[in-house]
Amino acid sequence: MSPGSDGQKLPEPGFATLAVHAGQAPDPATGAIMTPVYLTSTYVQERPEKHKGFDYARTAHPTRLALERNLAALEGAAFGLCFSSGMAATSTVIEALNPGDHVLCSNDLYGGTYRVFTKVFARFGVAFSFVDATDLSAVEAGFTPKTKLVWLETPSNPLLRICDIREIAKLARRKKARLCVDNTFASPALQQPLSMGADIVVHSTTKYLGGHSDVVGGAVLTNNQALHQEYKFLQNAVGAVPGPLDCFLILRGAKTLPLRMRAHCENAGIVAKHLLAHPEVAKVHYPGLPTHPGHEIAKWQMSGFGGMISFELKGDMERAKRMISSCKVFSLAESLGGVESLIGHPASMTHGSIPREERLKAGLSDGLIRLSVGIETVEDLTADLDSAITASLRP
Ligand SMILES: *Cc1c(COP(=O)(O)O)cnc(C)c1O
């Protein structure tokens with residue numbers, strides 16, 4: 001509680017108020033309401049070690065600091081750090097581990113996360129194993145005496161599987177491991193893992209937080225001061241920091257996050273039901289559908305079901321490729337979370353490097369199509385999908 005101008009207590013600011021204001025104050029020099037893009041690499045000091053809190057821009061930067069405080073507020077975290085990409089944020093959490101440490105991961109991770117874990121950090125002696133994290137007994141059985149970290153993505157990519165953050169946080173605490181949740185797909189507008197017992201949240205701010213497909217960035221948020229100090233040391237030592245204009249763009253995007261997420265959820269809910277009723281669609285994966293196996297957990301773990309959908313078209317891989325190439329409103333592209341709708345084919349695009357046998361075993365069929373549902377007029381989205389499905393019938 002903070003005192004109002006008439007001395008009365010004001011309520012704690014709500015999420016939308018934080019999104020607009022947290023971490024930002026009018027520029028003291030000019031009154032500019034928007035945080036300036038400070039294009040500077042260094043800062044003039046009064047005398048050695050006497051400065052205004054900023055000495056070199058890799059170490060500390062005012063536009064970045066505003067963004068770090070804003071994102072921390074949105075995740076309900078005491079501390080936030082920003083990075084040049086989601087992968088740089090992810091890497092920082094792993095760089096804090098030591099050779100011999102083990103990381104227990106959910107098994108349908110973002111492809112780049114799987115790649116950096118198995119192809120980069122495994123070379124430095126950190127061990128990674130992968131379990132179906134929707135199955136709590138599989139998670140429990142996956143711990144080893146060396147497990148230092150549990151890594152989750154929920155909802156997952158591309159099957160939108162839901163795992164139970166609260167229960168996995170309890171398991172991790174019992175095994176003296178930390179829990180890190182990649183919260184990119186839900187965004188803090190829909191899910192706040194720290195409030196459910198997670199120790200660390202990671203974001204690709206490229207996606208919903210930025211929200212306009214115009215910037216690449218990442219963030220690490222925590223309430224643990226010792227962890228924050230380690231990550232801050234690594235941020236400066238390794239140097240994967242974002243530029244000032246990138247920070248400004250994400251800060252501007254975050255202001256409308258609650259509005260955009262409401263629109264993404266509403267449109268995705270309508271598109272998911274529309275696809276479910278379509279005779280050429282074999283299966284729809286969306287946590288908002290009562291038929292989704294994670295629906296009950298999603299109902300209390302999330303305040304909305306998000307903007308990501310995947311579905312299976314009847315027929316073969318060639319038909320799925322024809323369908324996604326026939327869309328006019330949905331753009332054929334990687335990535336997600338922007339205001340515009342995107343469509344992709346995981347088997348040939350994001351997950352193309354996984355051998356077919358393994359893909360099928362993981363439930364990722366040849367005909368699976370992924371949608372990032374944007375905030376356009378929803379009738380235009382359903383009409384676009386319908387006409388592309390019809391067009392795909394003809395080879
Ligand atoms: C995109 C993405 C990342 C990687 O982020 P970049 O900003 O592309 O480096 C990590 N996790 C998830 C879930 C993502 O969607």
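The residue numbers shown here count from 1 along each chain, following its written sequence. In keeping with the model being predicted, local features are shown solely for residues with a pLDDT of at least 70 and side-chain atom pairs are shown and tallied solely at 80 or more, while totals for entire chains, interfaces and linings include all residues. Computation of side-chain values: all heavy atoms of the structure, hydrogens and water removed.

Moving on: the overall build of the protein. Think of it this way: any DSSP run of H or I at least four residues long counts as a helix, any run of E at least two long counts as a strand, and we number them from the N terminus. On a plain count of helices and strands, the protein comes out with 13 helices and 14 strands. Taken over C-alpha atoms, the radius of gyration is set against a globule rule of 2.2 Å times the number of residues to the power 0.38. What you see for the protein is a C-alpha radius of gyration of 22 Å, in line with the 21 Å of a compact globule of 395 residues. The principal-axis extent of the C-alpha atoms belonging to the protein is close to 75 × 50 × 40 Å. Partly exposed residues are those whose accessible area sits between 20% and 50% of the maximum for their type, while under 20% is buried and over 50% is exposed, using a 1.4 Å probe and protein chains only. When the 395 residues of the protein are sorted by exposure, 52% land in the buried category. Residue pairs in contact within the protein that sit at least 24 positions apart in sequence constitute 72% of those at least 6 positions apart. Every accessible area reported is derived by Shrake-Rupley at a probe size of 1.4 Å, with residue values counting cover from the shown protein chains alone. In the structure as shown, the protein presents an accessible area of about 17800 Å², 56% of it carried by carbon and sulfur atoms. Computed over 39 positive and 38 negative side-chain charges, the inter-centroid distance for the protein is 4 Å. Should any heavy atoms of two residues lie within 4.5 Å, those residues are considered in contact. A residue counts as positive if it is Lys or Arg and as negative if it is Asp or Glu; His and the chain ends are not included. To locate a charge, the coordinates of NZ of Lys, CZ of Arg, CG of Asp or CD of Glu are taken.

Note on terminology: near, applied to a residue and a molecule or strand, indicates that one of the residue's heavy atoms is within 4 Å of it. Inspection of the region around the ligand gives 14 residues, with Gly86, Asp182, Ser204, Thr206 and Lys207 positioned closest. Out of a free accessible area of 380 Å², the ligand has 92% covered by protein chains.

Buried accessible area, meaning the area lost when the parts come together, often serves as the stated size of an interface. What counts as a domain boundary in this text is fixed by an automatic or database domain assignment. The domain architecture assigned to the protein consists of domain 1 (14-254) and domain 2 (257-392). On the domain 2 side, the residues contacting the 33 residues of domain 1 number 36 residues. Computed with a 1.4 Å rolling probe, the buried area is the accessible surface lost when two parts are put together, summed over both parts. Of the roughly 2800 Å² buried where domain 1 meets domain 2, counting both sides, 63% is carbon and sulfur surface. For this analysis, a salt bridge means a side-chain nitrogen from Lys or Arg found within 4 Å of a carboxyl oxygen belonging to Asp or Glu. Seen at the junction of domain 1 and domain 2, the total is 0 salt bridges.

A few words on the layout of surface pockets. Here a cavity means grid points, on a 1 Å grid over the protein atoms only, where a 1.4 Å probe fits yet cannot get out; a pocket means an open set of points with protein on both sides within 12 Å along at least five of seven lines; lining residues are those with an atom within 4 Å of a point. Grid points are joined across faces, edges and corners, and a volume is the space filled by probe spheres set on the points. Computed from the structure, the largest pocket encloses a volume of approximately 740 Å³. As for the largest pocket, its lining consists of 28 residues, and the residues nearest its centre are Leu109, Gly111, Tyr114, His351 and Ile354. Per element, the largest residue contribution to the lining of the largest pocket is 6 residues, and it comes from helix H4 (residues 111-120). Under the scheme applied here, ten amino acids are nonpolar (Ala, Val, Leu, Ile, Met, Phe, Trp, Tyr, Cys and Pro), four are charged (Asp, Glu, Lys and Arg), and all others, including Gly, are polar. Broken down by class, the residue content of the lining of the largest pocket amounts to 10 nonpolar, 9 polar and 9 charged. A domain split of the lining of the largest pocket shows at least three residues from each of domain 1 (14-254) and domain 2 (257-392).

Among all positions in helix H6 (residues 165-174), only Ile165, Ile168, Ala169, Leu171 and Ala172 are buried. Seen from one end, H6 has its buried residues packed into an arc of 160°, which puts them on one side. Residues of H6 that are exposed and angled more than 90 degrees away from the buried face: Arg173 and Arg174. Among the structural elements, helix H5 (136-142), strand S6 (147-153), strand S7 (178-182) and helix H10 (295-301) are those in contact with the buried residues of H6. N or O atoms closer than or at 3.5 Å make up a polar contact, with two conditions inside protein: a donor-capable atom paired with an acceptor-capable one, and, for residues adjacent in sequence, both atoms drawn from side chains. Looking at where H6 begins, the residue whose side-chain oxygen comes 3.2 Å from the main-chain nitrogen of Arg166 is Asp164. The arc in question is the one traced by the directions running from the helix axis out to the C-beta atoms.

Pairing between strands is defined by DSSP: at least two bridges between them are needed. With mixed pairing, the 7 strands of this open sheet are ordered in space as S3-S9-S8-S7-S6-S4-S5. Looking at strand neighbours, the two that pair on one side only are strand S3 (79-83) and strand S5 (127-131), the edges of this open sheet. Between one strand axis and the next, the sheet turns by 20° as a mean value, whatever way the strands run. Between N-to-C directions, angles cover 0 to 180 degrees, with each direction set by a line fitted to C-alpha atoms, over the stretch in contact for helices. Strands S3 and strand S9 (218-222) of the sheet are contacted by helix H2 (residues 62-74), whose axis makes an angle of about 125° with S3. The strands touched by helix H7 (residues 225-238) within the sheet are S3, S7, strand S8 (200-204) and S9, with S3 carrying the most contacts at an inclination of about 20°.

Moving on: unusual backbone geometry. In this structure, Pro155 follows Thr154 across a cis peptide bond, with omega equal to -5°. Tracing the backbone shows Pro155 in the loop between S6 and H6. Cis geometry is found at the peptide bond from Asn157 to Pro158, where omega equals 5°. Here Pro158 shows up in the loop between S6 and H6. At Ser213, a residue that is not glycine, the phi angle is positive and equals roughly 50°.

What follows concerns the nonpolar core. Buried Ala, Val, Leu, Ile, Met, Phe, Trp, Tyr and Cys residues form a nonpolar core when they are joined through side-chain atoms within 4.5 Å. Leu67, Leu71, Leu221 and Leu257 are the most contacted members of the largest nonpolar core, which totals 33 residues. When residues of this core are traced back to their parent elements, those giving at least two are H2, S9, helix H8 (244-255) and helix H9 (257-276). Beyond its immediate stretch of four places on either side in the chain, Leu221 contacts Leu71, Ala72, Glu75, Ala77, Phe79, Gly80, Leu194, Asp199, Ile200, Val201 and His203. Grouped together as the second largest cluster of nonpolar side chains are 25 residues, Ala268, Phe311, Leu371 and Val378 included.

With 4 of its 5 residues buried, S7 lies for the most part within the structure. Alignment of S6 against S7, held across 5 bridges, turns out to be parallel. Its bridge partner lying in S7, Trp151 is registered against Cys180. Regarding topology, H6 serves as the crossover connection from S6 to the parallel S7, and that connection is right-handed. Looking down the strands as they point away from the viewer, one classifies a crossover as right-handed if the path from the first strand across the helix to the second runs clockwise.

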